[in-house]
Amino acid sequence: MHFLIHACPAREWYVNDFMIPEMTEQGIPREDIEVWMDRNNDGCLFSCMKCFHEVGKRGDGDIWHMQDDVLICRDFKERCEALESFSGIVSGFGCPDFGPSMSVSGEVPTIFIWFSFQCTRIPNRIAGECAEWFFNDAIYRDKYRDMVESRKCDDSFFYDFIAEEHVEDLRGYNCKPCLVEHVDRIIGGSVVNIWRDYWARAVYWDDEDLLTELKERIKAR
């Protein structure tokens, strides 16, 4: 298994001091955790698509793509390993505010994959194709002009790509309970959507004690 954390400099402290240690403590080798840092301030959209372009060159296999504002569940590694035999896209986080339907979990058609990039396992081939579609096609469409200019909505572009190109030949899997909790609210607020005044939490989350512990550790820091 390989894990790639999409990060920005403002969250580097959280990635290095909290996320990576929590992952290695569960037994994930450090060499299997990669950080894609947006050093050039490309914004999450272009940074993500550049990452997908590079990942697409790696050939067969898949990668767990994670955001820099999540807390992993206590059996994260074990549950990721249990999904090794599933060959589609895996959504490890779902939120009612993002959709599409929180009532649908387990193996699903791709149109029902939970709409979020907090924790998503993507085949390398699909990531590469998405980047090619974005840079050679989608970026020039009028309907995407505002999204491109915002340098956000990487997840929206990905799901539009899947809907256009792979709705028939790919399956998805929605993890219940979720593999991660979204914790941007307790580490300084959203970096991308600074207007958001609510906490977009996981719809299914069993490890509330870990969240309480993280709050205390953040406060102490």
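Remember, predicted model here, so these are calculated numbers, not experimental data. (Residues numbered from 1 in each chain as written. Predicted model: local features only at pLDDT ≥ 70, side-chain atom pairs only at ≥ 80, totals over all residues. Heavy atoms only, no water.)

### A word on the nonpolar core
Alright, step 1. Core analysis: the largest hydrophobic core is formed by 42 residues, its most contacted members being Ile5, Tyr14, Met23, Met66, Phe76, Leu179 and Val180.
Alright, step 2. Going through the elements one at a time, β1 (3-7), α1 (12-25), β2 (33-37), β3 (62-67), β4 (70-72), α3 (76-82) and α7 (208-220) are the ones with two or more residues in this core.
Alright, step 3. Per-element accounting of this core gives the leading share, six residues, to α1.
Alright, step 4. Discounting residues that sit within four places of it in the chain, tyrosine 14 has contacts with Met19, Asp68, Asp69, Val70, Leu71, Val183, Ile187, Leu214 and Ile218.
Alright, step 5. With 29 residues, the next largest nonpolar core counts Ile113, Cys130, Trp133 and Ala138 among its residues. (Core = buried A, V, L, I, M, F, W, Y, C linked by side-chain atoms within 4.5 Å. Buried < 20%, exposed > 50% of the residue type's maximum accessible area, 1.4 Å probe, protein only. Helix = DSSP H or I, 4+ residues; strand = E, 2+ residues; numbered from the N terminus. Contact = heavy atoms within 4.5 Å.)

### What to know about the side chain of arginine 79
Alright, step 1. Mapped onto the secondary structure, arginine 79 falls in helix α3.
Alright, step 2. Here arginine 79 is buried and forms no salt bridge, its nearest opposite-charge partner aspartate 75 lying at an N-O distance of 4.3 Å.
Alright, step 3. A distance of 2.4 Å separates the side chain of arginine 79 from the backbone oxygen of proline 177, its partner in a polar contact.
Alright, step 4. Among the polar contacts listed, one links the side chain of arginine 79 to the backbone oxygen of cysteine 178, at a separation of 3.4 Å. (Lys, Arg positive; Asp, Glu negative; His and termini not counted. Salt bridge = Lys/Arg side-chain N within 4 Å of Asp/Glu carboxyl O. Polar contact = N/O pair within 3.5 Å; in protein donor to acceptor, adjacent residues only side chain to side chain.)

### Considering the pattern of salt bridges
Alright, step 1. Counting across every chain of the model gives 18 salt bridges.
Alright, step 2. Across the pair arginine 11 and aspartate 68 runs a salt bridge whose closest N-O atoms are separated by 3.3 Å. Placement of the pair is arginine 11 in the loop between β1 and α1 and aspartate 68 in the loop between β3 and β4, with a sequence separation of 57 residues.
Alright, step 3. Taking relative accessible area as the criterion, arginine 11 reaches 3% and is therefore assigned buried.
Alright, step 4. A residue is classified by how much of its surface remains accessible, and aspartate 68, at 6% relative accessible area, is buried.
Alright, step 5. Aspartate 42 is the partner of lysine 50 in a salt bridge, and the nearest nitrogen-oxygen pair spans 3.1 Å.

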